[in-house]
Amino acid sequence: MELKITTSKYSINIVHLKMESLHQGMCEGLQHMSESVFVGLCEIVGTSQQVAIRRETTDIREMVAGRLTPHDGIIGMMSGSYREGFRLIGSDIDSMFWLNDQRVIMDMSQSEYYNTANTILILSDSSESPPGFTLLQLLTPTTDREVQSACVRMNNRVYISSSIYRQLTCSKAMPNSTEHGPCGSGNIAGRLEYDNAHCFVCDFWPQSASSWIDRCHSWPDPEVVHDIVRNGCHFVAIGHPLGPNENLQWRFSFSLAECKLVYSMNHSQFLIYGLLKCFLKEVINQQSEETNKLLCSYHMKTTVFWAIQQNTLPHWCPQNLLAGFWICFKLLLKWVHEGVCPNFFIPQNNLFLAKVRGPTQNRLFLQLHELYKKGIVCLLQSSSIRSYVIGVLYNPRLSICTNENAMRYEVDFDLELVQQCLSINIDITDLPLHLQAIKIVEQLVNSPLHQYQDAILRKLSSSFFKNTAFILHNMYTMGVVNKHVYIANRISCLMLKLAARFGCISNMLYIAMYYYNTLRYRKALSVIEIIKVKLAQPYLMYRGHVDRERYTEAVGGQSWSTKMRQAVARDITLDNEICYISELIPEQQSALQNRHPTLHIPVFVMLHFLEFLCYRHIDTTLSQAALDDLQVLIHHDQGLYVYDLLRDISWEILGICQQITGNLQAAIYSYQQSLTQYPYHKIQTTTQGRIQDMVQSTLLQ
């Protein structure tokens, strides 16, 4: 057949190319194309090692955070594709939150497992709800305001209304959230989208999902099944749109179980799931405006679960990746034709019942069937995958290596690990909790760890040590010399040195901050000089930027702790409930009032800031030089050293320095520039106050 190609895009006439061989699922050509797409998906989604880094980061963080949460606190869990290990462009971050002292039971006999003096019990009553949904009856009184306000009386019983509870909790974690399904949804800085679901937890596996256990003959393994069942389920605040009592009903959520199932996939199965997500976004949802919202990523995940469990493919491997994709696509096509997508845990719960029906269902089926008729080369319509299919069609003898170890270098995994380590944080502010956190980390370090968990624990340890040091410092008046102050000073210094030992180059700046706070300016400057040398190295890894060759030459093959101390820098994080440096207290207070828990300051900005402050007490000429360096950095950086979302605090710091020197005109300009940036840190109130104070001061002169 003739192959028609245009300069702008490949004609769909390429579908006719070798059509006969492509429709033979296990033919050599299809296997070769599968290998090419496998390699491409490892680029898009990540290798199994990169995915493992992402998962272990989240797991360790939640393990530590969970042990720190008091009995009456709120437990948080990341869910969805981000938790599963995807980092696809445009994906949102899904999180679930529930009250730790409130438990749902399936029948009254289960109440004996709880101390009702400190645990609020809620009964799941599914007797009159559609499959996969239930009513939640409050059995014991609660002091939680949202739960109290969501209670309604029906048939002389008190039930928690899902619709009222959803409205009350929608903006609890994040202001300005809007309702989306059971979640409060929004975005951060117009970029990162999130879905936060406030829900209830149940420690028991529901009877309505017992058939799932009986189906688990070949997948997943028995230990995974046992782990899933003993961890129970959740209930999210949304009712069935076609059922009675929609505003009262709650939906069963198996998010934790689904995460464990995805973890139990091999990498080829996981990449098929990723391929389906890409195909949905780039092909299926581009067919027409009318049908582009009918299918979602959850439907794709459900097809993969069913396809794997039904043993539809003898070997899920790189050579069979497209065969696996095609099996899932045909299953999806069948479901759309029948109007039935069975929930993986409760098959009687038809996920299509409310949306995929009637005329739009028919149109969606016809669109999918057109793709089906094209065969596997319908993947040419996917912008992410097209080139990997084309490469094999053009060159059938192209040599393709599916060995993941050959796809990535050491520096790639280091970049991934740094990125994930920097993304984790546990918000605790009091001394007892920090001491408890240090103890928990110590226990985990002495237990069997997965490959990357040691590095993740090092990052958390560094953060806990650093914050503990400043909390201790703030507890004692350093102007009074006594035994307690002396001991606190020694402990703080030791902890900051441990933080630097377990952390990266940037952690040394906290030592300099501490020396500045305790009036040891020359000591602070000596630390700053060491940091400047380290930050000037050509192999520095900072914000995803690194000279790969020089990095490998300098620290390749060395321990992770060595790499962190010698070659990795990150931005400075200040918890807004802890004072680190008095000059930034107003900014911290403003951010805290606006529910922004931390300040994130570019490491180079903080370096020049501290250098300026210290030299103010030693050498005004060198102080001015540090200020000049800071001004050049903020005025002329193109995003390499000053990330755009951090420019509000960066301009603010420049203004503070200029105000200290008495250059009020320049300071006002810098503060005004801070106000024009994206208000990431929510410090505008303080910025405006600083401007007003200077204007009034000028008028009084």
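In short, a report on the structure. Quick caveat, the model's predicted, so the values are computed rather than measured.

**Here's the deal with the overall build of the protein chain**
Link 1 in the chain: In terms of regular secondary structure, the protein chain is built from 28 helices and 15 strands.
Link 2 in the chain: Its C-alpha radius of gyration of 29 Å places the protein chain within 12% of the 27 Å reference for a compact globule of 701 residues.
Link 3 in the chain: The proportion of buried residues among the 701 residues of the protein chain is 55%.
Link 4 in the chain: Considering only residue pairs separated by 6 or more positions, the protein chain has 70% of its internal contacts joining residues 24 or more positions apart.
Link 5 in the chain: About 31,300 Å² of surface is accessible on the protein chain, with carbon and sulfur atoms providing 51% of the total.
Link 6 in the chain: Computed over 58 positive and 61 negative side-chain charges, the inter-centroid distance for the protein chain is 1 Å.

**Overview of unusual backbone geometry**
Link 1 in the chain: In this model, W219 is joined to P220 through a cis peptide bond whose omega is -5°.
Link 2 in the chain: Tracing the chain through its elements places P220 in the loop between α7 (210-215) and α8 (222-230).

**Some words on the environment of R145**
Link 1 in the chain: Considering the arrangement of structural elements, one finds R145 in helix α5 (residues 145-149).
Link 2 in the chain: Note: C-alpha distance between R145 and L168 (23 residues apart in sequence) is 9.4 Å.

**Quick look at the side chain of T687**
Link 1 in the chain: Tracing the backbone shows T687 in helix α28 (residues 684-700).
Link 2 in the chain: Look past the residues within four positions of T687 in its chain and what remains in contact with it is E652, Y671, S674 and L675.

**Here we look at the pattern of salt bridges**
Oppositely charged side chains are able to pair whenever their charged atoms sit close together.
Link 1 in the chain: All chains considered together, the criterion is met by 23 salt bridges.
Link 2 in the chain: Between E179 and R166 there is a salt bridge; the shortest N-O distance is 2.8 Å. Of this pair, E179 sits in strand β7 (residues 178-180) while R166 sits in helix α6 (residues 162-169); the two residues are 13 residues apart in sequence, bridging distant segments of the chain.
Link 3 in the chain: The exposure class of E179 is partly exposed, given its relative accessible area of 40%.
Link 4 in the chain: In this structure, E529 engages K532 in a salt bridge whose closest nitrogen and oxygen atoms are separated by 3.7 Å. In this pair, E529 and K532 are both assigned in helix α20 (residues 521-535), three residues apart and thus about one turn of the helix distant.
Link 5 in the chain: A network of salt bridges, in which partner residues are shared, links D59, E62 and R83.

**Thoughts on the side chain of Q137**
Link 1 in the chain: Take Q137: it is sitting in strand β4 (residues 133-138).
Link 2 in the chain: Here Q137 is in contact with L121, I122, L123, R157, V158 and Y159, once residues within four sequence places are set aside.

**A look at the packing of aromatic side chains**
Link 1 in the chain: What the rule picks out here adds up to 33 aromatic pairs.
Link 2 in the chain: Residues Y113 and F204 carry aromatic rings whose centres are separated by 5.7 Å and whose planes lie at 50° to one another, so their mutual orientation is tilted. With a gap of 91 residues between them, Y113 in the loop between β2 (93-105) and β3 (120-125) and F204 in the loop between β9 (192-202) and α7 connect regions that are remote in the sequence.
Link 3 in the chain: Take F204: its relative accessible area is 18%, and that puts it in the buried class.
Link 4 in the chain: Plain terms: the ring middles of W205 and W212 are 5.5 Å apart, the flat faces sit at 45° to each other, and that makes the pair tilted.
Link 5 in the chain: For W205, a relative accessible area of 12% puts it in the buried group.
Link 6 in the chain: Overall, the relative accessible area of 0% leaves W212 in the buried class.

**Focus: the nonpolar core**
Link 1 in the chain: By size, the foremost hydrophobic cluster in this structure holds 109 residues, and its most contacted members are V64, L574 and M606.
Link 2 in the chain: Looking at this core element by element, the count peaks at eleven residues for helix α24 (residues 603-615).
Link 3 in the chain: Other than its neighbours up to four places away in sequence, L574 contacts Y510, M513, Y580, L584, Q588, P597, T598, L599, I601 and M606.
Link 4 in the chain: Membership of the second largest hydrophobic core comes to 101 residues, among which are F200, F329, C378 and L380.

**Details of the pairing of strand β10 (residues 233-236)**
Link 1 in the chain: Of the two faces of β10, the one lined by C233 and F235 and the one lined by H234 and V236 are each fully buried.
Link 2 in the chain: The pairing of β10 with strand β11 (residues 250-253) spans three bridges and is antiparallel. The residue of β11 that forms the bridge with H234 is S253.

**Considering the packing of helix α19 (residues 508-517) against α20**
Link 1 in the chain: Running from amino to carboxyl end, α19 crosses α20 at an angle of 160°, the nearest separation of the two axes being 8 Å. The angle between the axes of α19 and α20 places the two elements in the roughly antiparallel class. When the axes of α19 and α20 are compared, the crossing they make is left-handed. Two secondary-structure elements touch here, α19 through M508, L509, I511, A512, Y515 and Y516 and α20 through Y521, K523, A524, V527, I528, I530, I531 and K534.
Link 2 in the chain: Residues that form the contact of α19 with α20 fall into these classes: twelve nonpolar, no polar and two charged.

**Remarks on helix α11 (residues 297-309)**
Link 1 in the chain: Taking 1.5 Å as the rise per residue, α11 with 13 residues should run 18 Å; its terminal C-alpha atoms sit 19 Å apart, in good agreement.
Link 2 in the chain: Extensive coverage of α11 is indicated by the burial of eleven of its 13 residues.
Link 3 in the chain: Where α11 is concerned, the buried positions are H299, M300, K301, T302, T303, V304, F305, W306, A307, I308 and Q309.
Link 4 in the chain: On its buried side, α11 packs onto α4 (80-84), α7, α9 (255-264), α10 (267-282) and α12 (321-338).
Link 5 in the chain: N311 sits one or two residues past α11 and shows a positive phi near 55°.

Reading the values: rules and limits
- Residues numbered from 1 in each chain as written.
- Predicted model: local features only at pLDDT ≥ 70, side-chain atom pairs only at ≥ 80, totals over all residues.
- Heavy atoms only, no water.
- Helix = DSSP H or I, 4+ residues; strand = E, 2+ residues; numbered from the N terminus.
- Rg over C-alpha atoms; globule rule 2.2 N^0.38 Å.
- Buried < 20%, exposed > 50% of the residue type's maximum accessible area, 1.4 Å probe, protein only.
- Contact = heavy atoms within 4.5 Å.
- Areas by Shrake-Rupley, 256 points an atom, 1.4 Å probe, with all protein chains shown as cover.
- Lys, Arg positive; Asp, Glu negative; His and termini not counted.
- Charge placed at Lys NZ, Arg CZ, Asp CG, Glu CD.
- Salt bridge = Lys/Arg side-chain N within 4 Å of Asp/Glu carboxyl O.
- Phe/Tyr/Trp six-rings, centres within 6.5 Å; stacked < 30°, edge-to-face > 60°.
- Core = buried A, V, L, I, M, F, W, Y, C linked by side-chain atoms within 4.5 Å.
- Pairing = 2+ DSSP bridges.
- Axes fitted to C-alpha atoms, helices over the stretch in contact; angles between N-to-C directions.
- Parallel < 35°, antiparallel > 145°, perpendicular 65-115°, else oblique.
- Left-handed = near helix turned anticlockwise from the far one by under 90°.
- Nonpolar A, V, L, I, M, F, W, Y, C, P; charged D, E, K, R; others polar.
- Expected span 1.5 Å × (residues − 1).

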